[in-house]
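Breakdown of the fold
Residue-level listing of the chains:
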Amino acid sequence: RLGDFLYYKELQKNLEIFVGNNLIVNLFLFSIFAIIWVTLLGFGSPLLIVSGILFGKWIGTFVSVVSISFGALALYALAIFFFEDLFKKIFKNKFSNYINLFRKNEFYYYFVYRFVGGLGVPFFLQNTLPVIFNMKKINYFFSSMLGFIPGFFVFNTIGAGLNKYVKDSENF
């Protein structure tokens, strides 16, 4: 059945009807799931493609940016609570010059870091890395949220494009 394209068209049509009939509930459920997923060290790209498939590129981008930002903030807060002393003990002496430089413009540095996709660093490490710098939570949240937008839009557009392809095509 997985090799049958009609199965995917039927699944896509049923998903579109289900999500369209319960949009607010589905946005809320997706947001809760995304927050929990990211807090539990999940990676972001599957969430982004699914949000593009389910909600389209614009609504999908909005809901994924907001919910993943809250999930990243929750993970950051947990990392501070449990590992701040360990990180300080290990990294404070080695990176003291960088820590002082980072603290002067933490919002802008972290915004650019998020904007360029984290430079290939795994997502859960991107979310916990600022513990070293003792970054303010408000700066962490807003620099993440604004820095996520371009990359998340691209992934949501891919998801929306996949959805449109299945909708418009007759076979693989």
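Residues numbered from 1 in each chain as written. Predicted model: local features only at pLDDT ≥ 70, side-chain atom pairs only at ≥ 80, totals over all residues. Heavy atoms only, no water.

Under the defined criterion, the tally for this structure stands at 3 salt bridges. The salt bridge partner of lysine 167 is glutamate 16, with a shortest N-O separation of 3.4 Å. With lysine 167 in helix H7 (residues 137–168) and glutamate 16 in helix H1 (residues 5–21), this pair connects stretches of sequence that are 151 residues apart. Judged by relative accessible area, lysine 167 falls into the partly exposed class, the value being 44%. Residue lysine 88 pairs with glutamate 84 through a salt bridge whose shortest N-O separation is 3.6 Å. One end of the pair is lysine 88 and the other is glutamate 84, both in helix H3 (residues 45–91) and 4 residues apart, which spans about a single turn. Since its relative accessible area comes to 32%, lysine 88 is described here as partly exposed. (Salt bridge = Lys/Arg side-chain N within 4 Å of Asp/Glu carboxyl O. Helix = DSSP H or I, 4+ residues; strand = E, 2+ residues; numbered from the N terminus. Buried < 20%, exposed > 50% of the residue type's maximum accessible area, 1.4 Å probe, protein only.)

This paragraph deals with unusual backbone geometry. Backbone geometry at asparagine 134 places phi at a positive 55°, although glycine is not the residue there. As for its placement among the helices and strands, asparagine 134 is situated in the loop between helix H6 (123–128) and H7. Given the relative accessible area of 36%, asparagine 134 is considered partly exposed.

There is about 260 Å³ of room inside the largest pocket. Residue lining of the largest pocket: 15 residues in total, with Leu48, Gly117, Phe123, Phe152 and Phe155 positioned closest to the centre. Listed by contribution, the elements that provide at least two residues to the lining of the largest pocket are H3, helix H5 (106–115), H6 and H7. Here the element with the most residues in the lining of the largest pocket is H7; it accounts for 5 residues. Split into classes, the residues belonging to the lining of the largest pocket amount to 7 nonpolar, 7 polar and 1 charged. (1 Å grid on protein atoms, 1.4 Å probe; cavity = no way out; pocket = protein on both sides within 12 Å on 5 of 7 lines; lining within 4 Å. Points joined across faces, edges and corners; volume = space filled by probe spheres on them. Nonpolar A, V, L, I, M, F, W, Y, C, P; charged D, E, K, R; others polar.)

A surface patch of nonpolar side chains, about 610 Å² in accessible area, is lined by Val25, Phe28, Leu29, Ile32, Ile36 and Leu40. Note that isoleucine 32 resides in helix H2 (residues 23–39). Look at isoleucine 32 and you get partly exposed, because its relative accessible area is 36%. (Patch = residues over 30% accessible without salt bridge, like charges linked within 9 Å, V, L, I, M, F, W, Y side chains within 5 Å. Areas by Shrake-Rupley, 256 points an atom, 1.4 Å probe, with all protein chains shown as cover.)

This part covers the confidence of the model for the protein. Looking at the protein as a whole, its pLDDT mean stands at 87, while 98% of the residues score no less than 70. Within the protein, H2 carries the highest mean pLDDT (93), whereas helix H4 (residues 96–104) carries the lowest (81). (pLDDT = per-residue confidence, 0-100.)

Attention shifts here to the packing of aromatic side chains. Applying the stated rule across the entire model yields 18 aromatic pairs. Centroid distance phenylalanine 107 to tyrosine 108: 5.4 Å. Interplanar angle 90°. Geometry classified as edge-to-face. Overall, tyrosine 108 belongs to the exposed group, its relative accessible area being 54%. Geometrically, the ring pair formed by phenylalanine 148 and phenylalanine 152 is stacked, given 4.5 Å between the ring centres and 10° between the ring planes. Of this pair, phenylalanine 148 and phenylalanine 152 both sit in helix H7, separated by 4 residues, roughly a single helical turn. Taking relative accessible area as the criterion, phenylalanine 152 reaches 8% and is therefore assigned buried. Taken together, Tyr76, Tyr110, Tyr113 and Tyr140 form an aromatic cluster joined through their ring pairs. (Phe/Tyr/Trp six-rings, centres within 6.5 Å; stacked < 30°, edge-to-face > 60°.)

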